[in-house]
Amino acid sequence: MQKNSAIILGLMSGTSCDGLDLALCRFFYRNNTFGFKLIKAKTIAYNVQMKKKLSAAFNCNANALMKLNADFASYCANEVNKFNKKNKILPHFISSHGHTVFHEPNNGFSTQIGCGATIAAKTSITTICDYRSIDVALKGQGAPLVPIGDKLLFGKYDACLNLGGIANISYTNKKGNAVAYDICILNMALNYFAEKIGKNYDNRGIIAKNNNFNADLLKKLNTLSYYKKSKNKSLGREYFESIFLNTINKHKLEPQIVISTLTQHFAHVISNEIKLHNLQRVLVTGGGAYNLHLINLINEQINYKLHIPSKEIINFKEAIIFGFLGFLRINHQHNTLKTVTGALKSTCSGAIYVGCI
């Protein structure tokens, strides 16, 4: 290891489009073990305008998308500068996930906006970004990326379950290899239908709990072909806007009924994955960890309780791990695993833009 310790600011913007997560951590490598200490963390909620821009990026023309790429990077850089000034701590590196607009690995690309060069230029801090491209170029899915962090930082758990815009899981199989994949669309869908009744999300799952579900739609969702794929699979907005949303809209149901049905569906497919691999100690993070109705439905189906950690870990685990991906990158260590993505080989991924001093 060239650098046994480094302070890195991880940036994460998820598919739920709710805000920018900043997690400032000291990462270290001691006695053949990786570790971290969370120093400061904050979520910058997107205003209506920014949320609208990010949500609509999928439909931008090329010129508009490139402008948003630069504008979003400037937004991130400004927030980073304010964060650093307030906390009076200057990170050695910034490690940014960006915001996913397109994810089509089967067509050879996955696109995250938030230009790393712009962030480096406006913060004067070396910035690491674009973690997916090399994996996709090597015929991988470019996702999920967090399993290396799950394995090296949260290895005491049998599995890590992230309930974000998309639900994904990672665990180590009997051969000692990291395995991870996207299970299903999650908050991306729940938030979409919550917004139709004037809510940003289904707070604690109350809407789902207080409404009946539609058995016909539930059956259709449970039998979607994606769930028949065994491994190296990932999801994006493309799948949500085409197959998933079209399946729901054919039933012409009230949003409350859809939310209730979706929650039943998500609990079903998530619990099936946990039971299939006999995962006993499961760490849950992401916004879905606060959806008590969903968590209770999963607990009922697996017959034991999921482990809910502190709010800091729930809210910032992904940003923490993206900081860790940067730590591995600067140390020339593999941070993207072929057993997870299906790529031809594991890689040390991430483009580096040196900060302008």
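The model shown is predicted, which means the values in this text are computed figures rather than measured ones.

Draft legend 1. Broad picture of unusual backbone geometry. Between A143 and P144 the backbone carries a cis peptide bond, its omega angle lying at -15°. Along the chain, P144 turns up in the loop between α4 (133-137) and α5 (147-153). Phi is positive for N32, which is not a glycine, with a value near 60°. Tracing the backbone shows N32 in the loop between β2 (19-30) and β3 (33-45).

Draft legend 2. The side chain of N168, seen in detail. If you trace the backbone, N168 turns up in strand β8 (residues 166-172). At 3.5 Å, the side chain of N168 and the side chain of D182 are in polar contact.

Draft legend 3. Inspection of the environment of L306 at higher detail. Within the element layout of this structure, L306 appears in the loop between α11 (292-302) and α12 (311-330). On the basis of relative accessibility, which here comes to 7%, the residue L306 falls in the buried class. If near-sequence neighbours (up to four positions away) are discounted, L306 is found in contact with I274, V282, V284, I295, I298 and N299.

Draft legend 4. Region of interest: the packing of aromatic side chains. According to the stated counting rule, one finds 21 aromatic pairs in the structure shown. Measuring from ring centre to ring centre gives 4.6 Å for Y29 and F34, while their planes differ by 50°; the resulting arrangement is tilted. Given a relative accessible area of 15%, F34 falls into the buried group. When the centroid spacing of 6.3 Å and the interplanar angle of 65° are considered together, the rings of Y46 and F72 count as edge-to-face. Of this pair, Y46 sits in the loop between β3 and α1 (48-56) while F72 is found in helix α2 (residues 62-87), placing the two residues 26 residues apart along the sequence. As far as burial versus exposure is concerned, Y46 and F72 are alike and both buried. Here the aromatic cluster, defined as three or more aromatic residues joined through ring pairs, consists of Y192, F193, Y226, Y227, Y239, F240, F244 and F266. Looking at R30, its charged tip hangs above the ring of F28, at a distance of 4.1 Å from the centre. Here the guanidinium or amino end of K233 rests over the ring plane of Y226, the centre of that ring lying 4.7 Å away.

Draft legend 5. Representation of the pairing of β2 within the structure. For β2, the tally of buried residues reaches nine of twelve residues, placing the bulk of the element in the interior. Linking two consecutive strands that pair antiparallel, namely strand β1 (residues 5-13) and β2, is a turn of five residues; a positive phi of about 60° is found at C17 within it. As paired elements, β2 and β3 share twelve bridges and run antiparallel to each other. Within the sheet, the bridge partner assigned to A23 lies in β3 and is A41.

Draft legend 6. Main features of the sheet that holds strand β7 (residues 159-163). Strand order in the open sheet formed by four strands is β9-β8-β7-β10, and the pairing between neighbours is mixed. Of all strands in the sheet, those with a lone pairing partner are β9 (178-185) and β10 (282-285), marking the two edges. In this sheet, neighbouring strand axes are inclined to one another by 15° on average, regardless of whether the strands run parallel or antiparallel. Judged from the four bridges that link them, β7 and β10 form a sheet pairing that is parallel. Note that in β10 the partner of N162 across the bridge is T285.

Draft legend 7. Just the side chain of T118, in detail. Within the secondary structure, T118 is located in helix α3 (residues 116-123). Excluding its chain neighbours within four sequence positions, the residues that come into contact with T118 are A70, A73 and S74.

Draft legend 8. Main features of the pattern of salt bridges. If you walk through the whole model with that rule in mind, you get six salt bridges. Notably, a salt bridge pairs K51 with E195, separated by 3.3 Å at the nearest N-O pair. Of the two residues, K51 is situated in helix α1 and E195 in helix α6 (residues 187-195); the sequence distance between them amounts to 144 residues. Note on E195: relative accessible area 41%, which makes it partly exposed.

Draft legend 9. Looking closely at the packing of α6 against helix α10 (residues 255-276). Packing of α6 against α10 leaves a shortest axis separation of 9 Å and a crossing angle of 165°. With respect to each other, α6 and α10 are oriented roughly antiparallel. Relative to α10, the crossing made by α6 is left-handed. Here α6 contributes A189, L190, F193 and A194 to the contact with α10, which in turn contributes P255, V258, I259, L262, T263 and F266.

Draft legend 10. α2, seen in detail. The end-to-end C-alpha distance of α2, which contains 26 residues, comes to 37 Å, matching closely the 38 Å that a straight helix rising 1.5 Å per residue would cover. N-cap assignment for α2: the residue whose side-chain oxygen lies 3.2 Å from the backbone N of N63 is N61. The first or second residue beyond α2 is K88, which carries a positive phi of 55°.

Criteria and thresholds
Residues numbered from 1 in each chain as written. Predicted model: local features only at pLDDT ≥ 70, side-chain atom pairs only at ≥ 80, totals over all residues. Heavy atoms only, no water. Helix = DSSP H or I, 4+ residues; strand = E, 2+ residues; numbered from the N terminus. Polar contact = N/O pair within 3.5 Å; in protein donor to acceptor, adjacent residues only side chain to side chain. Buried < 20%, exposed > 50% of the residue type's maximum accessible area, 1.4 Å probe, protein only. Contact = heavy atoms within 4.5 Å. Phe/Tyr/Trp six-rings, centres within 6.5 Å; stacked < 30°, edge-to-face > 60°. Lys NZ or Arg CZ within 6 Å of the ring centre and 35° of its normal. Pairing = 2+ DSSP bridges. Axes fitted to C-alpha atoms, helices over the stretch in contact; angles between N-to-C directions. Salt bridge = Lys/Arg side-chain N within 4 Å of Asp/Glu carboxyl O. Parallel < 35°, antiparallel > 145°, perpendicular 65-115°, else oblique. Left-handed = near helix turned anticlockwise from the far one by under 90°. Expected span 1.5 Å × (residues − 1).

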